[in-house]
Amino acid sequence: MGKSQRLMALDAFRGLTIAAMITVNTPGSWSHVYAPLLHSKWHGCTPTDLVFPFFLFAVGVAMFFAFGKFNHELNADAGKKILKRTVIIFGIGLLLNAFPFYHLKLENLRIMGVLQRIALAYGLGSLLCLAISKTRLLIVSGVILFAYWGLVYFLGGDQPYSLEGNPTIALDTVILGESHLYKGFGLPFDPEGLFSTLPAIVTVVLGYLTGSLISSSDRKMIVPRLLIFGALGVIAGLIWNIGFPINKPIWSSSYVLYTAGLAQLVMAVMIFFIDMLDYKKWAHPFLVFGMNPLFIFVLSVVWVKVIIYLVHFSDVSGKSITGYAWLYQNAFASWAGPLNGSLFFALSHIIVYWLIVLYLYRKRIFIKI
């Protein structure tokens, strides 16, 4: 299979995850969301819980092809590239946390976030992938997952896998400070914290190994091998779930295997249709998203924060409401109802963002770091 074909399937897969990420992050109202578009409350895995690990997995696959120019060896040029991307992506994430700046209080600024986790998982994962052989990568990945399981179990409280008892809170608090953690769970706990980034590195590494598998396999064997390894990953994750529950907020080891396996299965299907059967038209919208993923994600976050913090209207009672709430209530919920209006609000944003990245795609403008 040619490189361009492989990358088309990859970009479509990555674009699908970005579109899904923006959709689940932008409902008209968090009080009115269809269940599959919500994260699990704690243990378990909904379709929404697949989005972030799928993107990290895609980062790993892309790494394999990108590092070909370094002959998959850790040298000065590769090190500089990795360090530069890691710092820039982390910095953009930190700036997004601080935006729109006028209300910024450094003592309460959340340090971690989605882009910060991507940056660290990419940076550390890249160093591992280039520094050691593929066989040792599998061993190191296994060691990381088992070590993380052991640390969570032995360092946690009476219920180490619970929200209150898991040790990621204590460890992140020591390193980052309680005031710099996410508060959305009702207590200082960061689902993209430092400690739980450790197993997320393995998600990236498994993507890298999948890229190697795609590159080294005979054309006819790519899909069957992805299906086999994907099924094994899902089964292994489900078995491990018995002892270490599948859980996105603490990025459990079973969650890593389960989601990586599902990612391989989805990628196998996309390669089969796009590259094997040459059915490309259905994937074009996702391909367009996949060519500028970081840009459109950042834009989506900035836009939401602008209409929440900087744009306000008065409702019928004269009470001030955010531009976000006003748009949802007047442009969608008013005719579609609260639940469908919330969904259409999100989908309308996807359409607008797609038109933006389509323009960039046609102009051959690809914003990369």
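Fair warning: this is a prediction, and the values are worked out from it, not measured in the lab.

### Points about unusual backbone geometry
Part 1 of the argument: Following phenylalanine 99, the chain continues into proline 100 via a peptide bond in cis, with omega recorded as 10 degrees.
Part 2 of the argument: With respect to the helices and strands, the residue proline 100 is situated in the loop between α3 (76–98) and α4 (114–131).
Part 3 of the argument: Positive phi outside glycine occurs at arginine 364, with the angle close to 60 degrees.
Part 4 of the argument: Structurally, arginine 364 can be placed in the segment after α13 (338–362).

### Brief notes about the packing of aromatic side chains
What describes a pair of aromatic rings is the distance from one ring centre to the other and the angle between the planes of the rings.
Part 1 of the argument: All chains considered together, the criterion is met by 29 aromatic pairs.
Part 2 of the argument: The interplanar angle of 85 degrees and the centroid separation of 5.1 Å between the aromatic rings of tryptophan 251 and tyrosine 255 together place this pair among those described as edge-to-face. Tyrosine 255 carries the same exposure label as tryptophan 251, and that label is buried.
Part 3 of the argument: One Lys or Arg, arginine 85, reaches over the ring of tyrosine 122 and ends 4.9 Å from the middle of that ring.
Part 4 of the argument: If you follow arginine 364 out to its NZ or CZ, it ends over the ring of tyrosine 361, 5.5 Å from the centre.

### Focus on the packing of helix α5 (residues 134–155) against helix α9 (residues 253–276)
Part 1 of the argument: Direction vectors running N to C along α5 and α9 enclose 145 degrees, while the axes themselves pass 8 Å from each other. Where α5 abuts α9, its residues Leu145, Tyr148 and Trp149 lie against Ser253, Val256 and Leu257.
Part 2 of the argument: Tallied by class, residues from the contact of α5 with α9 come to five nonpolar, one polar and no charged.

### Side note on the packing of helix α2 (residues 51–66) against α4
Part 1 of the argument: The interhelical angle for the contact between α2 and α4, taken along N-to-C directions, is 35 degrees, at an axis separation of 11 Å. In terms of crossing hand, the pair formed by α2 and α4 is right-handed. In contact with Phe52, Phe55, Leu56, Val59 and Met63 of α2, α4 contributes Val114, Arg117, Ile118, Ala121, Tyr122, Gly125, Ser126 and Cys129.

### Digging into a nonpolar patch on the surface
Part 1 of the argument: Residues Val269, Phe272, Phe273, Leu277, Tyr279 and Trp282 make up a contiguous nonpolar surface patch of roughly 540 Å² in combined accessible area.
Part 2 of the argument: Looking at the element boundaries, leucine 277 is found in the loop between α9 and α10 (284–290).

### Things to note about helix α11 (residues 293–310)
Part 1 of the argument: Counted at 1.5 Å a residue, the expected span for α11 with its 18 residues is 26 Å, and the 25 Å between its end C-alpha atoms agrees.
Part 2 of the argument: All buried positions along α11 are accounted for by Pro293, Ile296, Phe297, Val298, Ser300, Val304, Lys305 and Ile307.

### Observations regarding the side chain of serine 212
Part 1 of the argument: Among the secondary structure elements, serine 212 is positioned in helix α7 (residues 197–216).
Part 2 of the argument: Judged by its relative accessible area of 9%, serine 212 falls in the buried class.
Part 3 of the argument: With sequence-adjacent residues up to four places away left out, serine 212 is seen in contact with Phe64 and Lys134.

### Quick notes on the pattern of salt bridges
Two side chains that carry opposite charge are able to pair once their charged atoms sit near each other.
Part 1 of the argument: Evaluation of the coordinates by the stated rule reveals five salt bridges.
Part 2 of the argument: Arginine 14 is paired through a salt bridge with aspartate 11; the nearest N and O atoms lie 2.1 Å apart. With arginine 14 and aspartate 11 both in helix α1 (residues 3–25) and three residues apart, the pair spans about one turn of that helix.
Part 3 of the argument: Since its relative accessible area comes to 10%, aspartate 11 is described here as buried.
Part 4 of the argument: The partner of arginine 110 in a salt bridge is aspartate 190, with the nearest N and O atoms 2.6 Å apart. Of this pair, arginine 110 sits in the loop between α3 and α4 while aspartate 190 is found in the loop between α6 (168–176) and α7, placing the two residues 80 residues apart along the sequence. The pair arginine 110 / aspartate 190 is uniform in exposure class, with both members buried.

### Here we look at the environment of glycine 15
Part 1 of the argument: For glycine 15, the position within the fold is in helix α1.
Part 2 of the argument: Overall, the relative accessible area of 0% leaves glycine 15 in the buried class.
Part 3 of the argument: Between the C-alpha atom of glycine 15 and that of histidine 284, which follows or precedes it by 269 residues, the distance is 9.5 Å.
Part 4 of the argument: Setting aside its immediate chain neighbours within four residues, glycine 15 contacts Phe286, Phe289 and Gly290.

### Some points on the confidence of the model for the chain
Part 1 of the argument: On average, residues of the chain carry a pLDDT of 93, and 98% of them reach 70 or more.
Part 2 of the argument: Highest mean pLDDT in the chain belongs to helix α8 (residues 222–240) (97); lowest belongs to α1 (83).
Part 3 of the argument: For residues 1–5, every residue scores under 50 in pLDDT, and the model assigns this stretch eight contacts once sequence neighbours within four places are set aside.

Basis of the calculations
Residues numbered from 1 in each chain as written. Predicted model: local features only at pLDDT ≥ 70, side-chain atom pairs only at ≥ 80, totals over all residues. Heavy atoms only, no water. Helix = DSSP H or I, 4+ residues; strand = E, 2+ residues; numbered from the N terminus. Phe/Tyr/Trp six-rings, centres within 6.5 Å; stacked < 30°, edge-to-face > 60°. Buried < 20%, exposed > 50% of the residue type's maximum accessible area, 1.4 Å probe, protein only. Lys NZ or Arg CZ within 6 Å of the ring centre and 35° of its normal. Axes fitted to C-alpha atoms, helices over the stretch in contact; angles between N-to-C directions. Contact = heavy atoms within 4.5 Å. Nonpolar A, V, L, I, M, F, W, Y, C, P; charged D, E, K, R; others polar. Left-handed = near helix turned anticlockwise from the far one by under 90°. Patch = residues over 30% accessible without salt bridge, like charges linked within 9 Å, V, L, I, M, F, W, Y side chains within 5 Å. Areas by Shrake-Rupley, 256 points an atom, 1.4 Å probe, with all protein chains shown as cover. Salt bridge = Lys/Arg side-chain N within 4 Å of Asp/Glu carboxyl O. Expected span 1.5 Å × (residues − 1). pLDDT = per-residue confidence, 0-100.

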